[in-house]
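# Survey of secondary and tertiary structure
Residue strings, one per chain:
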Amino acid sequence: MCGIVAAAAQRDVAPLLIAGLKALEYRGYDSAGLAVLEGGEVHRVRAKGKVREMESLYLSNPFPGGTGIAHTRWATHGVPNEANAHPHMIGRITLVHNGIIENYAPLRAQLQAKGYHFTSETDTEVMAALIDQNLSGGRGLREAVLATVRDLEGAYAIAVISSEEPGRVVGARRGAPLLVGLGIGENFLGSDAQALVQVTNRIIYLEDDDVVEITREGAQIYTLDGKPAHRGVHESELSADAVERGEYRHYMQKEIFEQPHAVANTLETRISAAGVLPNIFGAGGDELLAKVKGVHIVACGTSYHAGMVAKYWLEDYARLPVNVEVASEYRYRETVVPPGTLFIAISQSGETADTLAAMRESRRRGYLGTLAICNVPESSVTREADLKLMTHAGPEIGVASTKAFTTQLAALALLTLHLAKQQGLDEERYRDLTEQLLRLPRTLEEALKLEPQVIELAERFVHRHHALFLGRGEHYPVALEGSLKLKEISYIHAEAYPAGELKHGPLALVDEDMPVIAVAPNGPLLDKLKSNLQEVRARGGELIVFADTNAHIDGNATRGAVLRIDAGGDFISPVVLTIPLQLLAYHVAVLRGTDVDQPRNLAKSVTVE
Ligand code: M6R
């Protein structure tokens, strides 16, 4: 899950490549590098750290050239340092790679025996050497790449240049994203359309096992057996503005505040006062959903938490049995799939390796069909699903998911309503749920007004090392999501529990140094939650409660704080009560001075296993 960008142009490409890499940093930021081919000579610059470190090295010693490749890395094989940074050069070949080559060790040994000398710990350098070796026998770069990828096991997206073939870049993909950007008199490769938005909106999405050759004049795609292939050209709707940070201090803050608008986009043209509109899941969607007798949801991280909320919704309102599982577990075990089960993959990026592999695996297991809930059109998950419901959240740049989560919930709420109606939910209740969902964007807007109070609260966390999050029912996944947000951007160790579980172990952790954060919607479980909070209080724990305005919680009896928020109704309250938890994590991280948008060791899109 690194980022790749490449160009074949008349103008100097290094500044374009650097701009493209900056848009791809969400995929990894352990090191960055670029190489440019000019008059048969390759100039390269690499640096540990973010793209800006490499950029300042480049600016201190810039070089011209119209053909180039560039890379931002999320380390897999080998520590993040300059030697392991891409591009890697061996013989005539310079190469960047995203993915993991599983059979690199035996290949490396064979190549070493033939005299190749490696200077990094990466699997990528092995690929470069193999291509160089395959150039012998009169093969050109494209043929050498084709011959090489046939021998590779694992996942890759690559861009390669040869010092012997000026003006040409060859790319290839299997299991990792790569697309072609078509310009005027110049052409590009990138890991996604965002990387190329500065130069073109005309995109060709490559398929697995495609090999592509780009020059200034055009792009030619080949299948693995070397035959020319045709892939359609798409107009990407991304605009350069959509990926600007604007007045906000961080992308995460911008994305938190975009949520009312983003959720409105998810709902737009899909629901009216009468309920969910027909045919919102794509061609044949309503017919397929009419046969659903159960649901399996598979996802990772934040998307998994969205799936957990949906389990409560679908079981409560549609009375359908639901299993939710993290994709990395699902893909490697045998599940029981009762007849009529729908498989749902939830993914912001649509490129998460485990989710994609789980979806592919599900094909073998006899589901009724697959539905993708995804933010990125033309992503692998979207393209491979039978049905899709795009979340329309717009690009999410901050590594910590915020608007991706709430828009996934909005999409899952639409699905819940569709299935609930079909399963015979009482009409009055259906109308009530519909009204709540239609009010969601406005309710989220109100919830965001809590920011000043959350900022004050954040001060209390600056020197903390641990935190506990509690919730019950569909607010337990909200607590999980809150704890994930806090740990990933503030590096404070946080755990979440269903509040009723506290007394079965975690209560032992509670003392005056352990803040306990609870989400308290108004509803039948409120009294139960209050008893759980008493257990914390009795142990001297500091309680921070985000409570629905209608929920009777005595603020004075609490060492800590109770913040009131209009949760908007029992259906949408998990979405609304997520907002203060996102704000809390964000402001704690800001106060602790961490790298909020690009927290250590993580990447936005996890395209490796
Ligand atoms: O793109 P996906 O939704 O498939 O990504 C899955 C997880 O990697 C992701 O949700 C991750 O947990 C969040 N970025 C954390 O905030």
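This structure is a prediction, so every number in the text was calculated from the model and none was measured. (Residues numbered from 1 in each chain as written. Predicted model: local features only at pLDDT ≥ 70, side-chain atom pairs only at ≥ 80, totals over all residues. Heavy atoms only, no water.)

### So, the overall build of the chain
Counted only if it meets this: Comment: elements are numbered from the N terminus, with helices defined as DSSP H or I runs of at least four residues and strands as E runs of at least two. Taken over C-alpha atoms, the radius of gyration is set against a globule rule of 2.2 Å times the number of residues to the power 0.38. Using a 1.4 Å probe on the protein chains alone, a residue whose accessible area is under 20% of its type maximum counts as buried, one over 50% counts as exposed, and one in between counts as partly exposed. Pairs of residues are marked as contacts when any of their non-hydrogen atoms sit within 4.5 Å. Residue exposure ignores everything except the shown protein chains as possible cover, and the areas themselves are Shrake-Rupley values with a 1.4 Å probe. In this tally Asp and Glu are treated as negative and Lys and Arg as positive; neither His nor the chain ends contributes. A charge is said to be at NZ when it belongs to Lys, at CZ for Arg, at CG for Asp and at CD for Glu.
Per the secondary structure count, the chain includes 19 helices and 27 strands. Radius of gyration (C-alpha) of the chain: 25 Å, near the 25 Å computed for a compact globule of 609 residues. For the C-alpha atoms alone, the extent of the chain along its principal axes is close to 80 × 55 × 45 Å. Counting over 609 residues, the chain shows a buried share of 62%. When contacts within the chain are restricted to residue pairs at least 6 apart in sequence, long-range pairs at least 24 apart make up 71% of them. With an accessible surface of roughly 22,800 Å², the chain has 48% of that area assigned to carbon and sulfur atoms. Here the chain contributes 60 positive and 77 negative side-chain charges, whose respective centroids are spaced 2 Å apart.

### Describing the site of the ligand
The cut-off we apply is this: In these notes, residues near a molecule or strand are those with any non-hydrogen atom within 4 Å of it. Polar contacts here mean pairs of N or O atoms no more than 3.5 Å apart (in protein, one a potential hydrogen donor and the other a potential acceptor; neighbouring residues in sequence count only if both atoms are side-chain atoms). In this classification, the charged set is Asp, Glu, Lys and Arg, the nonpolar set is Ala, Val, Leu, Ile, Met, Phe, Trp, Tyr, Cys and Pro, and all remaining amino acids, among them Gly, are polar.
The immediate surroundings of the ligand are formed by 14 residues, with Ser-303, Ser-347, Gln-348, Thr-352 and Glu-488 found nearest. Within the backbone of Thr-302, one N or O atom sits 3.1 Å away from an oxygen atom of the ligand. The side chain of Thr-352 places a nitrogen or oxygen atom 2.4 Å from an oxygen atom of the ligand. For the ligand, the accessible surface in isolation is 410 Å², of which the surrounding protein chains cover 92%. For the shell around the ligand, the elements supplying multiple residues, two or more each, are α9 (301-318) and α16 (476-490). The dominant element in the shell around the ligand, judged by the number of residues it contributes, is α9, at three residues. Classifying every residue of the shell around the ligand by side-chain character gives four nonpolar, eight polar and two charged.

### Considerations on the sheet that holds strand β23 (residues 466-471)
Stated formally: When DSSP locates at least two bridges between a pair of strands, those strands are taken to pair. The convention used is that axes are lines fitted to C-alpha atoms, helices contributing only their stretch in contact, and that angles between N-to-C directions extend from 0 to 180 degrees.
If you walk across this open sheet you meet the five strands as β24-β23-β25-β26-β27, and the pairing is parallel. Either end of the sheet is taken by a strand with one partner, and the two such strands are β24 (493-498) and β27 (560-565). Across this sheet, the average inter-strand angle for adjacent strands is 15°, counted without regard to direction. Summarising the sheet, β23 and strand β25 (residues 515-520) pair through three bridges and their orientation is parallel. Its bridge partner being in β25, Phe-469 is matched across the sheet by Ile-517. In the packing of helix α15 (residues 451-458) onto the sheet, contacts are made with β26 (542-548) and β27, and the angle to β27 comes to roughly 165°.

### Some remarks on unusual backbone geometry
Between His-86 and the following residue, Pro-87, the backbone shows a cis peptide bond with an omega angle of 0°. Tracing the backbone shows Pro-87 in the loop between β4 (67-73) and β5 (88-90). Phi angles above zero are rare outside glycine, and Arg-319 is one such case at about 55°. Among the secondary structure elements, Arg-319 is positioned in the loop between α9 and β19 (322-326). For Arg-319, a relative accessible area of 64% gives the class exposed.

### Considering the pairing of strand β20 (residues 341-347)
Quick note on the threshold: Note on handedness: a clockwise path from strand one over the helix to strand two, with the strands aimed away from the viewer, defines a right-handed crossover.
Counting buried residues along β20, seven of its seven residues qualify, which places the element largely inside the surrounding structure. Side-chain alternation along β20 places Thr-341, Phe-343, Ala-345 and Ser-347 on one buried face and Leu-342, Ile-344 and Ile-346 on a second face that is also buried. Bridge count for strand β18 (residues 294-299) against β20 is five bridges, and the pairing is parallel. Bridge pairing in β20 links His-296 to Phe-343. With six bridges joining them, β20 and strand β21 (residues 369-374) adopt parallel strand pairing. Looking at β21, one finds that Leu-342 is bridged to Gly-369. In this fold, the crossover linking β20 to β21 by way of helix α11 (residues 353-362) has right-handed handedness.

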